[in-house]
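Coordinate analysis (summary)
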Amino acid sequence: DSGVTQTPKHLITATGQRVTLRCSPRSGDLSVYWYQQSLDQGLQFLIQYYNGEERAKGNILERFSAQQFPDLHSELNLSSLELGDSALYFCASSVQGGTGELFFGEGSRLTVL
Amino acid sequence: GEDVEQSLFLSVREGDSSVINCTYTDSSSTYLYWYKQEPGAGLQLLTYIFSNMDMKQDQRLTVLLNKKDKHLSLRIADTQTGDSAIYFCAESWASYDKVIFGPGTSLSVIP
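Below you will find a few notes about this structure. (Residues numbered from 1 in each chain as written. Chains lettered and ligands numbered in written order. Predicted model: local features only at pLDDT ≥ 70, side-chain atom pairs only at ≥ 80, totals over all residues. Heavy atoms only, no water.)

Considerations on the state of the cysteines
Going by this rule: Cysteine sulfur atoms are paired as a disulfide whenever they fall within 2.5 Å. Only DSSP runs of H or I with at least four residues qualify as helices, and only runs of E with at least two residues qualify as strands; both kinds are numbered from the N terminus onward. The buried label applies to any residue whose accessible area, calculated with a 1.4 Å probe on protein chains only, is under 20% of its type's maximum; exposed applies above 50%, and partly exposed to all values in between.
Counted according to the given criterion, the structure contains 2 disulfides over all chains. Between the sulfur atoms of cysteine 23 of chain A and its disulfide partner cysteine 91 of chain A the distance amounts to 1.8 Å. Between cysteine 23 of chain A and cysteine 91 of chain A, the S-S dihedral sits near -50 degrees, and the bridge is therefore left-handed. Linking cysteine 23 of chain A in strand 3 (residues 19–24) with cysteine 91 of chain A in strand 9 (residues 87–94), this pair joins segments that are 68 residues apart in sequence. We note that cysteine 23 of chain A, like cysteine 91 of chain A, is buried. Here cysteine 22 of chain B connects covalently by a disulfide to cysteine 89 of chain B, the sulfurs 2.0 Å from one another.

Right, here's the structure in full:
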């Protein structure tokens, strides 16, 4: 158990819909990262937050948005869903400093039909 | 640029050594990592190496870094069936920075 909690574990929805994925980082970790894992694109970095502020942005679509709340949990919002958005979405957290080790949640599997 | 490359598949016999290779393009990367993903699970850090090191050994794991060629390798000695998983190479510029992952190498261990 990494200490990172993601909900829901599985989600099935239709094209055009909107979903919210939630992540609770390990206690004390200020950084939260979101990654998308798909068969054809591997593990893609989406976005990083540190203590409520956006720190880095990767290949995140404009239809996607995220935020980190004062209690440090984070949400990833995916809207106008397309079939190609079907993937496993991982959240990871890390401490400031150290080796930069990321602690991953078990992921939220999104299926868009 | 940000790009990490790995071969996608590797198959070895139980008891043999496995060597998983990775190349990265950004010479300014400070931290280089190997993560392991078992079926149905998230990624877990196996080991890491700083860019000012050439080698790191941790029990059955040996990491070699050739900074000139931007080449990183992970050697697993005495590979066991429990080592079957996907292994990701990753790089970062600072401990608080984003981490970029390669596509992952699926290691199959034949009993």
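Some thoughts on the sheet that holds strand 7 (residues 64–68) of chain A
The pairing of strands in a sheet comes from backbone hydrogen bonds and takes either a parallel or an antiparallel form. Residues and elements named next belong to chain A. This is how it is decided: At least two DSSP bridges between two strands are needed for those strands to be called paired. Axis lines are fitted to C-alpha atoms, over the contacting stretch for helices. Their N-to-C directions set the angle, which ranges from 0 to 180 degrees.
Taken together, the 4 strands give an open sheet; going across it, the order is 1-3-8-7, and neighbouring strands pair in antiparallel fashion. Two strands in the sheet have a free side with no partner beyond their single neighbour: strand 1 (5–7) and strand 7. On average, adjacent strands in this sheet sit at an angle of 15 degrees to one another, irrespective of strand direction. Pairing between strand 3 and strand 8 (residues 74–78): 5 bridges, direction antiparallel. Within strand 8, the residue paired with leucine 21 across the bridge is leucine 76.

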